[in-house]
There are 2 protein chains.
Amino acid sequence: MNIVLLSGGSGKRLWPLSNDVRSKQFIKLFKTEDNDYLSMVQRVYNQICEVDKAANVTIATSKTQVSSIHNQLGKQVGVCVEPCRRDTFPAIALATAYLHDVKGVSEDEAVIVCPVDPYVNLDYFQAVKKLGELAELGDSNLTLMGIEPTYPSEKYGYIMPTDKENISKVDSFKEKPDTETAKTYISQGALWNAGVFAYKLGYMLDKAHELIDFDNYHDLFNKYETLTKISFDYAVVEKEDNIQVMRFSGQWKDLGTWNTFAEAMEDATIGKVIMNDTCQDVNVINELDIPVLCMGLKNVVVSASAQGILISDKEETDFIKPFVDNMDEDIMFADKSWGSYRVLSKGEDSLTIKLNIKAGSWLSYHSHASRDEIWNIVSGQGEVTVDEDSRQVNKGDVISIKSGSKHMIKAITDMEVIEIQMGKEISVNDKCKFKFD
Amino acid sequence: MNIVLLSGGSGKRLWPLSNDVRSKQFIKLFKTEDNDYLSMVQRVYNQICEVDKAANVTIATSKTQVSSIHNQLGKQVGVCVEPCRRDTFPAIALATAYLHDVKGVSEDEAVIVCPVDPYVNLDYFQAVKKLGELAELGDSNLTLMGIEPTYPSEKYGYIMPTDKENISKVDSFKEKPDTETAKTYISQGALWNAGVFAYKLGYMLDKAHELIDFDNYHDLFNKYETLTKISFDYAVVEKEDNIQVMRFSGQWKDLGTWNTFAEAMEDATIGKVIMNDTCQDVNVINELDIPVLCMGLKNVVVSASAQGILISDKEETDFIKPFVDNMDEDIMFADKSWGSYRVLSKGEDSLTIKLNIKAGSWLSYHSHASRDEIWNIVSGQGEVTVDEDSRQVNKGDVISIKSGSKHMIKAITDMEVIEIQMGKEISVNDKCKFKFD
């Protein structure tokens, strides 16, 4: 099957484990049998591969997530990068063109679009696969997944089918209702709209050409910034009469807040945590190296990272967003394609950072206009180049890099480097990249 | 007045703001009018100086606290260092000999001994001064302060006076009772024993010579390790018939747990803290650079430092000790006479530390047998010596120090240095000090 995973979202609701560069789908919270932890995106990717080994998976996302995706899924996964945010219709058009022109998917094949972060079991992706098969049969132009509601939620849009069969034509769509209206909908056989739909590639390509003037994927990519923002619902769904829906009644959860995330945790705690026996219904996720001691807490979630510390009554976690919006903080950690970094200390005109670089990976050849840097090689072996001059470096070596100097580092073994940045204006934007021959 | 402040105690109960090298009396929690924060020891020292400008203050303590005392009170304060722990009688004997032989206090002068950490107002130290005056009159050999009980506490020992006058002879002492017994004591006019007492210096010197064979302060200091552990109560108080007590009814609090500390906080929070309006009776002390966000908490104390994070129901903070005892953690921060340090990152065979060195201060000339070090000068100016070779250093300079090399740094202006330690066995005990000419 051809599956496009829409990977958007900001890091507000699961602060401080998510931030502006790490969205919630990249937080490692799901314990494996090997006592390792997987992120949502890793969990979903593994599930898809288990249901269909030959699945052609493409992640449609923004530039800021590419490093995290490569870090967590490796470089073999398809990534369709939106040059900027232009709402869901341009994103789906771009991904469809990418599948056709880059991946060679034919117009008769089905494409399934799905959010990257449902908390589900294998039966969900079996249903997703079935959705693709239905789309390929061609009875409808769009084939949706409808989730059997378990309560009259105000959080979801509703799909009204024409009957209560497993597969039905869609009569209409309803916006998020209040509880009473939701009850009425449900009594009429309504389903939650989980944002999962399948279509024949040719259908969506036609829709794209109808609304956007472009030749092929690369042309669409290049003019992406000029496109009008328009949602998929508005551009396609509302105008399409021939839509069918397939019911799904297995587990489906939207882990959008700490409260729902805590429910999905296998163990009550992750990381260095001590809890006394008067704690009840407490979940702690500690990414710091220092211990968290909890005593006598009830119904609380604690979450600590280099970005900050959250301590909240579980129900209250739903209301976190405005507080995080107002923080206006610097990024304190990030997963990169080459490894990860973490801010250790901020001085007045300095920043001390720890870089962990994976064996075989490298930081791009670049320079900074307004800051000097010092690399302290703390462990591992690598090759450092400063202004065309390359040399091997080992534990204990120190490399001073003046502002304006081009520099790069390539790890031969796994490396840990303490980088000290010094300058009046230290900014992630002060970076000029060069080709390295 | 001559006052000896007994500064002992470990950092267990106020973890993580205290640790094995920072006892609770050095935590800066008391807000001043200038929006600065004072520690208990600073607060008490300032109060004594306000009551008696000419007060001769000596802090009797262990070696581990000397750096913190000099850091917080400066180098002018008298410090009588116990070479090792030998219980209260040897400690008081040593302090008395110190006052006589080093400070030149005569045998007729009164000495008042007092814990370093009562949470009190000026009237307390006015009473302390009065206690010294009473001791000098010589009606009794020991003059105690008795605190008027405010409730039948099980936490304190009780002093039973012969009558209910402001100054009375002491009839007997009672160990910590249960609540019912405490009620009976109080109905009989009993007072809390706050560990404050005054005596003529000659009296205590005689007692010391009776029990210990020594010539003078230096002799006593040198043989301190050979002394038998014996409490002041057992050695002196229980054998003394002529004791008087002076009543004190002003504010006196023993801030021994986070719960009592929180009560004494002027503002609910210290440091980077955000609280939503559904929080009730929450105190947060955050020494980290990252924000703490609290939502919907009730009756909770949060305390965060480089050592760890505590989140506890207030009442439960009384029971913290065994959890901290079992942590067996490394020291992550310390106040030193020259400034302070903080561990930023631990690697497998490495440790990254931030040193803040005050202008005019220096680290002793020393070497390490089993680790190399790198000093990254991040701000300020100083002078570095490595193996007799001195040079001036500035921001951006890097000094590599191989194991075995003697090295020191002296700050000309305030300096920030990122020190990277590398070696198979990194330990604070791997340090050999040298004289620097």
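Predicted, not measured: the structure shown is a model, and the values here were computed from it.

Quick look at the relation of the copies chain A and chain B now. For these two chains of identical sequence, chain A goes onto chain B by a turn of 180 degrees and a shift of 0.0 Å along the axis, with RMSD 0.0 Å. These values place the two chain copies in the arrangement generated by a two-fold rotation axis. In terms of proximity to the rotation axis, the leading residue of chain A is Leu-344 of chain A, whose C-alpha is 2.9 Å off the axis. A high fraction, 100%, of the interface residues of chain A reappear at the interface in chain B, so the copies pair face to face through one surface.

Note on strand geometry: in a regular strand, side chains alternate between the two faces of the sheet. All names here are of chain B. Counting buried positions along strand S16 (residues 280-286) yields five of seven residues, so the element is predominantly enclosed. Bridge analysis of S16 against strand S18 (residues 298-305) gives six bridges, and the strand direction is parallel. In the strand pairing of S18, Val-282 is matched with Val-300.

A word on the interface of chain A and chain B. Each side of the interface is counted separately: chain A has 52 residues, and chain B has 52 residues. Note on chain A versus chain B: buried area summed over both sides is about 4000 Å², and carbon and sulfur give 70% of it. Interface area lost by chain A to chain B is led by Leu-293, Met-295 and Ile-311 of chain A, which between them contribute 18%. Summed over the shared surface of chain A and chain B, the number is 17 residue pairs in polar contact (both at pLDDT 80 or more). When residues of the side of chain A that touches chain B are assigned to their parent elements, the largest contribution, six residues, is made by strand S19 (residues 308-313) of chain A. Per-class residue counts for the side of chain A that touches chain B are 31 nonpolar, 14 polar and seven charged. Relative to strand S17 (residues 292-295) of chain B, S19 of chain A is paired through four bridges, and the arrangement is parallel. The partner of Ser-312 of chain A across the bridge, within S17 of chain B, is Met-295 of chain B.

Another point: unusual backbone geometry. Cis peptide bonds are those with omega within 30 degrees of zero, and the linkage from Trp-15 of chain A to Pro-16 of chain A qualifies with 5 degrees. Note on placement: Pro-16 of chain A falls in the loop between strand S1 (2-7) and strand S2 (28-31). A positive phi is found at Asp-387 of chain A, a non-glycine position, where the angle reads about 50 degrees. Tracing the backbone shows Asp-387 of chain A in the loop between strand S25 (382-386) and strand S26 (389-393). Although it is not a glycine, Glu-388 of chain B adopts a positive phi angle of roughly 75 degrees.

Here is what the cut-offs are and how they apply
- Residues numbered from 1 in each chain as written.
- Chains lettered and ligands numbered in written order.
- Predicted model: local features only at pLDDT ≥ 70, side-chain atom pairs only at ≥ 80, totals over all residues.
- Heavy atoms only, no water.
- Least-squares fit on C-alpha atoms with pLDDT ≥ 70 in both.
- Contact = heavy atoms within 4.5 Å.
- Buried < 20%, exposed > 50% of the residue type's maximum accessible area, 1.4 Å probe, protein only.
- Helix = DSSP H or I, 4+ residues; strand = E, 2+ residues; numbered from the N terminus.
- Pairing = 2+ DSSP bridges.
- Buried area = accessible area lost by both parts, 1.4 Å probe.
- Polar contact = N/O pair within 3.5 Å; in protein donor to acceptor, adjacent residues only side chain to side chain.
- Nonpolar A, V, L, I, M, F, W, Y, C, P; charged D, E, K, R; others polar.

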